[in-house]
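Spelled out from the first residue to the last, the chains are:
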Amino acid sequence: MSEAIEALISEIKRRTEEEIQEIIKSAEEKAEAIIEEAKRKVDKLFLDQARSEVALIRRRIIGRAEVEGRLELLRAKEEVIEKVLNEVLDEIKRVANGERKDYNYERILYSLLKEAVDSIKEDIVIIHANQRDLEFIKKNLRVLEDKLSKDLGRSVSLKIGKTLSESVGGIIAESEDGLKIYYNTLEGRILKMKRKLRLLIREILFS
């Protein structure tokens, strides 16, 4: 799944390259303007203050301006990262809804299912998912059980559980006695990955 996300980030970067550059360029111009304004203030002070005092004041004013300029650039980068992150989340929803034919969501769903069932470590596992994914699992129940049994090296029986009406995709697996639960919805995975995603976006955009 991480490879798919990296591909999505790279694609969004290509698609929004011009807008990204415009945001960064605007921030750089603001940062330069802040520093130039600080230098003008220093020049005016030079006329009004004793020379010995000016050197100290100059360092303080320009130092503050440089910090403010760097903060302006950081804010711009943060804006870009947030924009790309939101677009990645939107694209993942499109993948789950079958709107992206270049990604096989059924394969992604099986991967999430397999990971959850493996973690539960029970022969009978109850599966909760949104209506679309539950219908797919129900329709392919025997095929999925056979594949899971083969891949995990043990007998696996799936039971259809509750419909997760607000879930984007993925599943929640639960043992029959309810003592073991494994959350593997797409939104849950995205939430857990958010910090890593931000680092990955920063690396792809600004390295």
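If you're wondering where the values come from, they're calculated on a predicted model, not measured in any experiment.

Each value, and the rule that gives it
- Residues numbered from 1 in each chain as written.
- Predicted model: local features only at pLDDT ≥ 70, side-chain atom pairs only at ≥ 80, totals over all residues.
- Heavy atoms only, no water.
- Helix = DSSP H or I, 4+ residues; strand = E, 2+ residues; numbered from the N terminus.
- Buried < 20%, exposed > 50% of the residue type's maximum accessible area, 1.4 Å probe, protein only.
- Polar contact = N/O pair within 3.5 Å; in protein donor to acceptor, adjacent residues only side chain to side chain.
- Contact = heavy atoms within 4.5 Å.
- Expected span 1.5 Å × (residues − 1).
- Arc of directions from axis to C-beta.
- Pairing = 2+ DSSP bridges.
- Axes fitted to C-alpha atoms, helices over the stretch in contact; angles between N-to-C directions.
- Patch = residues over 30% accessible without salt bridge, like charges linked within 9 Å, V, L, I, M, F, W, Y side chains within 5 Å.
- Areas by Shrake-Rupley, 256 points an atom, 1.4 Å probe, with all protein chains shown as cover.
- Salt bridge = Lys/Arg side-chain N within 4 Å of Asp/Glu carboxyl O.
- Lys, Arg positive; Asp, Glu negative; His and termini not counted.
- Charge placed at Lys NZ, Arg CZ, Asp CG, Glu CD.
- Parallel < 35°, antiparallel > 145°, perpendicular 65-115°, else oblique.
- Left-handed = near helix turned anticlockwise from the far one by under 90°.
- Nonpolar A, V, L, I, M, F, W, Y, C, P; charged D, E, K, R; others polar.

Re the side chain of E145
Here is step 1: Relative to the helices and strands, E145 resides in helix α6 (residues 141-152).
Here is step 2: Among the residues examined, E145 registers a relative accessible area of 8% and is labelled buried.
Here is step 3: A polar atom in the side chain of E145 sits 2.7 Å from the side chain of R142.
Here is step 4: Ignoring anything within four residues of it in the chain, the contact list for E145 reads V156, S157 and L158.

Describing the environment of N130
Here is step 1: On the secondary structure map, N130 appears in the loop between β1 (124-129) and α5 (131-139).
Here is step 2: You can call N130 buried: its relative accessible area is 6%.
Here is step 3: Considered as a pair, N130 and V168 are 38 residues apart in the sequence and their alpha carbons are 7.3 Å apart.
Here is step 4: Setting aside its immediate chain neighbours within four residues, N130 contacts T163, L164, S167, V168 and G169.
Here is step 5: At 3.1 Å, the side chain of N130 forms a polar contact with the backbone oxygen of V168.

A few points about α6
Here is step 1: Over its 12 residues, α6 extends 16 Å from the first C-alpha to the last, a length consistent with the 16 Å expected when each residue adds 1.5 Å.
Here is step 2: Among all positions in α6, only L141, L144, E145, L148 and L152 are buried. Mapping the buried residues of α6 onto a view down its axis gives an arc of 100°, with all of them on the same face. In this structure, α6 carries R142, V143, D146 and K150 as exposed residues pointing more than 90 degrees from its buried face.
Here is step 3: Residues of α6 that are buried make contact with α4 (105-120), α5 and β2 (157-163).
Here is step 4: Backbone geometry just downstream of α6 places G153 in the positive-phi region, at approximately 70°.

Focus on unusual backbone geometry
Here is step 1: We note that K121 has phi near 60°; this positive angle belongs to a residue other than glycine.
Here is step 2: For K121, the location among the structural elements is in the loop between α4 and β1.
Here is step 3: Accessibility expressed as a relative area gives 57% for K121, which makes it exposed.

Considerations on the sheet that holds strand β3 (residues 170-175)
Here is step 1: Pairing within the open sheet is mixed, and its four strands lie in the order β2-β1-β3-β4. Edge positions in the sheet fall to β2 and β4 (181-185), since each of these pairs with one other strand and no more. Recorded for the sheet is a direction-independent mean angle of 25° between the axes of neighbouring strands.
Here is step 2: Relative to β2, β1 runs parallel, the two being bridged by five bridges. Across the sheet, the residue bridging to V125 is L158, located in β2.
Here is step 3: Running over the sheet, α5 touches β1, β2 and β3 and is turned about 155° from β2.

Structural notes on a negative patch on the surface
Here is step 1: Taken together, the side chains of E18, E22, E28, E29 and E32 make up a negatively charged region of the molecular surface.
Here is step 2: Of the residues examined, E28 reaches a relative accessible area of 38% and is grouped as partly exposed.

Details of the packing of α4 against α6
Here is step 1: Contact geometry of α4 with α6 gives a least axis separation of 11 Å together with a crossing angle of 60°. Comparing their axes, α6 and α4 come out oblique. Every pair of crossing elements has a handedness; the one defined by α4 and α6 is right-handed. Facing Y110, L113, K114, V117 and D118 of α4, the residues of α6 in contact are L144, K147, L148, D151 and L152.
Here is step 2: Class assignment of the residues belonging to the contact of α4 with α6 gives a composition of six nonpolar, no polar and four charged.

Let's talk about α4
One full turn of an α-helix is made of 3.6 residues, so residues set three or four places apart face in the same direction.
Here is step 1: With 16 residues, α4 ought to run about 22 Å at 1.5 Å a step, and its terminal C-alpha atoms sit 23 Å apart, in line with that.
Here is step 2: Its side-chain oxygen 3.1 Å from the backbone nitrogen of E106, N104 forms the N-cap of α4.
Here is step 3: Backbone geometry just downstream of α4 places K121 in the positive-phi region, at approximately 60°.

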